[in-house]
Each structure stands twice: as C-alpha cells, then as structure tokens.
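Working through the structure, step by step
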Amino acid sequence: LKNELNRLSTEFDTNITDAQVVLRFTKEELTGVSEDFLVASLQESGDHHVRATTTPDYMMVMQNCSMGATRKALNAARYSTCKENNGPILNQMVGVRNEIADLLGYGSWADYKIEPKMAQTAAAANSFGEDLAARLQPKFDAEVSVLQKYKAEDVGDPSAKINWWDFRYYQN
C-alpha cells in the first residue's frame, strides 16, 4: 500500500510539474507589471503570454498588475491546474491512506501521521489549530480591513471587497 501511495503521489506531482498553462493578455490587461516582463512575455501576435504555473510570472502579475480581472483569471488558472487528472488521483490517495491507517489500527490517516509528533492525536492537533486561529482572527480581520481600505480607494468603491486574487497586489 505504501508503494501504491508513493506511486500516486509521484503521478500527482508530475502532472503539476509537467503542466504548461499559458494565458494570453493584452498590454492593457497587464497594467502595472514591469516593462522587462512585458518585453519578455510579448509574442509575435502582439499579446503577452503569462505562464500560470511558473512562479515568477505568477508573482509578477499578482503583486503588480492593477487589473483585478487579470489577477482573477491567472489565479483561477494556477489553482485549477490538472484538476481533471489529479482529482481522481487525489481520491485514490485518500482511499489508500485510509486503508493504511485502518490496517495499522488508527482511526484516520491524520491519527497515524500525527502520533509521533508533539500533538500525538489528530484531535489534539485540530484543537491546537482552532485555538490558534481564534486567537489570530482579530489580527487577520484588522489586516484585511486595511487591504480593503486600499482597494476601496484604488477602485473608488467604498464597499469593495478583498478577494483571494487581490491580497498580494494590495500588500505590495
């Protein structure tokens, strides 16, 4: 079972590593990125190719592009890479993990993996995480509020909300 899990993990990782997801944008859609990036990404067709699965391309756009629709499209492409192929593999991995945990007498894969660690049980680790999250929530809320204020000023809409694809840009 461990060999099967290793094989599935390798296949999952290889799918992501081998993925070549390229989005095409106009210069206007990339407003705010560096001139060097624009020159490097320019194609003969006149549009710019941005590789969603290449971290430097992704970060350049997410941190510098002022166009929310561009950031949203790039973020969606990056985080949906290989979902058709990797979804079933992930389901198989979960099944194999459950089999391993069950055969070894554990209630879950989490219990099996956490036992040698300081928390010793999945319940203890979950409790620690929930407690930590509760204590950090006020700081998180304050930081989101600041980012939301920046976005509201930027787009001229006092009710503007920070989305997942916005935070890197407004932190920058």
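For the structure itself, look to the data block above.
Residues numbered from 1 in each chain as written. Predicted model: local features only at pLDDT ≥ 70, side-chain atom pairs only at ≥ 80, totals over all residues. Heavy atoms only, no water.

So, the overall build of the chain
Note the threshold: Counting from the N terminus, the helices are the DSSP runs of H or I reaching at least four residues and the strands are the DSSP runs of E reaching at least two. Between buried and exposed lies partly exposed: a residue is buried under 20% and exposed over 50% of the maximum accessible area for its type, with that area taken using a 1.4 Å probe on protein chains only. Residues count as neighbours in contact if any of their non-hydrogen atoms are within 4.5 Å of one another.
Counting its regular elements, the chain contains 8 helices and 2 strands. Ordered by position from N to C terminus, the α and β elements of the chain give α-β-α-β-α-α-α-α-α-α. The principal-axis extent of the C-alpha atoms belonging to the chain is close to 60 × 45 × 25 Å. Looking at the chain residue by residue over its 172 residues, the buried ones come to 27%. Sequence-distant contacts in the chain: of pairs separated by 6 or more residues, those separated by 24 or more amount to 57%.

Side note on a nonpolar patch on the surface
Counted only if it meets this: Patch membership is restricted to residues that have no salt bridge and whose relative accessible area is over 30%. Joining uses 9 Å for like charges and 5 Å for the nonpolar side chains Val, Leu, Ile, Met, Phe, Trp and Tyr. Accessible areas in this description were obtained via Shrake-Rupley with a 1.4 Å probe; residue shielding takes into account the shown protein chains only. The salt bridge definition used is simple: a Lys or Arg side-chain nitrogen within 4 Å of an Asp or Glu carboxyl oxygen.
On the surface, a cluster of nonpolar side chains totalling about 310 Å² of accessible area is made up of Leu1, Leu103 and Leu104. Relative to the helices and strands, Leu103 is located in helix H5 (residues 83–103).

Looking at the environment of Met59
Mapped onto the elements, Met59 comes out in helix H3 (residues 55–64). The spacing of Met59 and Arg71 is 12 residues in sequence and 9.9 Å in space, taken between C-alpha atoms. Setting aside anything within four residues of it in sequence, one finds Met59 in contact with Asn64 and Arg168.

Here we look at helix H1 (residues 2–18)
How we decide: A helix is expected to reach a length of 1.5 Å times the quantity of its residues less one. Think of it as the arc spanned by the lines of direction from the helix axis to the C-beta atoms.
Relative to the 24 Å expected for 17 residues at 1.5 Å per residue, H1 spans 24 Å between its end C-alpha atoms, a close match to the ideal helical length. Where H1 is concerned, the buried positions are Leu5, Leu8 and Asn15. The buried residues of H1 all sit within an arc of 90 degrees when viewed along its axis, so they share a single face. Seen from the open side of H1, the exposed residues pointing more than 90 degrees away from its buried face are Asn3, Thr17 and Asp18. Buried residues along H1 sit against H5 and helix H6 (109–114).

A word on the packing of aromatic side chains
In plain terms, the rule: Each aromatic pair joins two rings of Phe, Tyr and Trp (for Trp, the six-membered one) with centres within 6.5 Å, and gets the label stacked for planes under 30 degrees apart, edge-to-face for over 60, and tilted for any other angle. Over a ring means this: the NZ of a Lys or the CZ of an Arg is within 6 Å of the ring centre and within 35 degrees of the ring normal.
Enumeration according to the criterion identifies 5 aromatic pairs in this entry. Ring geometry for Trp164 against Phe167: centres 5.0 Å apart, planes inclined by 40 degrees, an arrangement best described as tilted. Positioned over the ring face of Tyr58 is Arg78, at 4.3 Å from the centre of the ring.

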